[in-house]
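A look at the structure
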Amino acid sequence: MQTALVIVIVLAAIAYAVYRLRLVLRRKDDPCAGCNGCECRLKK
């Protein structure tokens, strides 16, 4: 039972890391990726 729980937690952590990496790679060319967008619109 403990082994299954550890496997589930490790898989969830890996899945979250892959998800965050995909977000970073998709937003790397977006100038408003680091904020909610309002600050970028006000500066224009």
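Residues numbered from 1 in each chain as written. Predicted model: local features only at pLDDT ≥ 70, side-chain atom pairs only at ≥ 80, totals over all residues. Heavy atoms only, no water.

Notes on the overall build of the chain
Put simply, the rule is: What counts as a helix is a DSSP run of H or I of at least four residues, what counts as a strand is a run of E of at least two, and both are numbered from the N terminus. Relative accessibility decides the category of a residue: with a 1.4 Å probe and only protein chains considered, values under 20% of the type maximum give buried, values over 50% give exposed, and everything between is partly exposed. Every accessible area reported is derived by Shrake-Rupley at a probe size of 1.4 Å, with residue values counting cover from the shown protein chains alone.
Each helix and strand in the chain was counted, giving two helices and zero strands. Every one of the 44 residues in the chain was classed for burial, and the buried ones make up 7%. When the accessible surface of the chain is split by element, carbon and sulfur atoms take 65% of a total near 4,300 Å².

Description of a positive patch on the surface
Put simply, the rule is: Without a salt bridge and with relative accessible area above 30%, a residue can belong to a patch; like charges are then joined within 9 Å and nonpolar side chains (Val, Leu, Ile, Met, Phe, Trp, Tyr) within 5 Å. Within this document, salt bridges are pairs made up of a side-chain nitrogen of Lys or Arg and a carboxyl oxygen of Asp or Glu, the two lying within 4 Å of each other. In this charge count, Lys and Arg are treated as positive and Asp and Glu as negative; neither His nor the chain ends contribute. Taken as the charge location is NZ of Lys, CZ of Arg, CG of Asp or CD of Glu.
Judged by side-chain charge, Arg-20, Arg-22, Arg-26 and Arg-27 come together as a positively charged surface patch. You can see Arg-26 is positioned in helix α1 (residues 2–26). What makes Arg-26 exposed here is its relative accessible area of 61%.

Note that all results are geometric; they support no functional claim without further evidence.
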